[in-house]
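Chain by chain, the residues run as shown.
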Amino acid sequence: MTTPLAEVLDGQHAAELRKAARALLRQPLLVAQGSFADEFRLVRRHASELRAWFDRNTGWSLQVDSETARLGKIPARLADATHPAREATRSAAPFTRRRYVLLCLALAALERGEAQIALGRLAGQVVLEAADPRLAAAGIQFTLDRRDERLDLAAVVRLLLSLGVLRRVAGDEDAYVSGAGDALYDVERRVLAGLLATRRGPSTVLAAAWEERLAELTAETALDSDELRFRAMRRSLTRRLLDDPVLYYDELTDAELAYLTRQRGFLTARITELTGLVAEVRAEGIAMVDPDDDLTDVRMPESGTHGHVTLLLAEYLTAAGGGPVGTADLRRRVAELAAEHRGFWAKSAREAGAEAELVEQAVVRLAALGLIARTSDGVVPRPALARYAVGETVVLAPRTAGTAEVPAQRKASPR
């Protein structure tokens, strides 16, 4: 018979394991010092169990040492661009192609640099790296003479600071951007070495096309048996349930759908046991809902003008009957809403022409939440959007009860 003390210890162990797993999903790179120090200690304490769970169910590796814990998250959908990296400031500006290129060039410079580096010196080394003829042939060029280029480099540095790759010693990025000063950083080499999350070294990839290169970087072993193919499907589906706000059945292959139909209870139960996420199963798909609402980088609804615009556009799109809605229609609707809610929206949102930016930000958020699909002409509502309809609507036919909102479960962090 289980004693009360044993039950308490088992409960404490399960709670610690869950907290450690959620910390890794929220922040796949943890360092021993900083805001996640407590979570890092839990991950290190339960490293063996966590490593075994992630390897079996997702195929993600977990590397833990005395200073860092790195979950090698590889997304199930490599071409999904709805959750870009963001600089660690209140503006949370998403990374553009130029910022991603700067990030890679900065990492290359840091890898070959000293234990300390000034931002101005890092900028100079990035400019040298960017002089590579292959980058020039791809249309990539940096001088960092312009303020917008320096702002992009500052955003890259702030991301590296938030990840623990750099530690600020003196100065700040704003002084560098304005040309009034510089900043000095310590380079944490062990953290830097753990950033790359691939199954093979990039230098061994021979494919030329972008999609093929991604596939080679993340390819698993040859799937030459039923057991290996089933394992690959289990891992891929579990990654999508953990990472994506909604897993839609119509996005799966016939083999994946058949496997999920048979193993749905097992897969969702395993996720719930480790993370506390709750499966909301509907006729069109599955969402793993987070009762604690902290495993998400995008929320809906959200306060402020942009949050209000997004919610109102969601209501408008639910009346589209599932058909496509053009960008011009969305902008027209936002212009009408601006006049209707002018007493509550920010002044900038009521200015002429502001509807273009408001629509873009709303569409980006709705797409990240799996509520719409973007097209070249506009958007197409997805089934989960029906929960934001006003009045009586035909919603996702439930197989199990559930009314909580669908949050994104993927954190915008390096994988």
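Above: the structure in question.
Below you will find a few notes about this structure. (Residues numbered from 1 in each chain as written. Predicted model: local features only at pLDDT ≥ 70, side-chain atom pairs only at ≥ 80, totals over all residues. Heavy atoms only, no water.)

Our next topic: the nonpolar core. Counting 39 residues, the largest nonpolar core has Leu110, Leu119, Leu122, Leu160, Val165 and Leu166 as the members making the most contacts within it. For this core, the secondary structure elements donating two or more residues are strand 1 (29-31), helix 4 (97-112), helix 5 (119-130), helix 7 (147-163), helix 8 (173-178), strand 6 (183-187) and helix 9 (189-193). At nine residues, helix 7 tops the list of elements feeding residues into this core. For Leu160, the contacting residues outside a window of four places in its chain are Leu103, Leu107, Leu110, Val165, Leu166 and Leu195. In this structure, Ala21, Leu30, Trp53 and Phe54 belong to the second largest nonpolar core, which totals 36 residues. (Core = buried A, V, L, I, M, F, W, Y, C linked by side-chain atoms within 4.5 Å. Buried < 20%, exposed > 50% of the residue type's maximum accessible area, 1.4 Å probe, protein only. Helix = DSSP H or I, 4+ residues; strand = E, 2+ residues; numbered from the N terminus. Contact = heavy atoms within 4.5 Å.)

Okay, the environment of Leu252 next. Note on placement: Leu252 falls in the loop between strand 7 (247-248) and helix 12 (254-275). Judged by its relative accessible area of 11%, Leu252 is buried. Between the alpha carbons of Leu252 and Leu237 there is a distance of 9.2 Å; along the sequence they are 15 residues apart. In contact with Leu252, other than residues within four places in its own chain, are Leu237, Arg240, Leu247, Leu257 and Leu260.

Attention now moves to the packing of aromatic side chains. Applying the stated rule across the entire model yields four aromatic pairs. Ring centres of Trp53 and Phe54 lie 5.3 Å apart, and the angle between their planes is 85°; this geometry places the pair in the edge-to-face category. Phe54 matches Trp53 in its accessibility class, with the two residues each being buried. An angle of 20° between the planes, with centres 5.9 Å apart, marks the rings of Phe230 and Tyr259 as stacked. Here Phe230 is found in helix 11 (residues 226-243), whereas its partner Tyr259 is found in helix 12, with 29 residues between them in sequence. Joined through ring pairs, the aromatic side chains of Trp53, Phe54 and Trp60 make up one cluster. When the ring centre of Phe95 is taken as reference, the NZ or CZ atom of Arg99 above it lies at 5.9 Å. In this structure, Arg382 packs its charged tip against the face of Tyr248, placed 4.1 Å from the ring centre. (Phe/Tyr/Trp six-rings, centres within 6.5 Å; stacked < 30°, edge-to-face > 60°. Lys NZ or Arg CZ within 6 Å of the ring centre and 35° of its normal.)

The pairing of strand 10 (residues 325-326) with strand 12 (residues 378-381) spans two bridges and is classified as antiparallel. Looking across to strand 12, one finds that Val325 is bridged to Val379. Judged from the three bridges that link them, strand 11 (residues 372-374) and strand 12 form a sheet pairing that is antiparallel. By the bridge assignment, Ala373 is partnered in strand 12 with Val380. Where strand 11 folds back onto strand 12 in an antiparallel hairpin, the turn is made up of three residues. (Pairing = 2+ DSSP bridges.)

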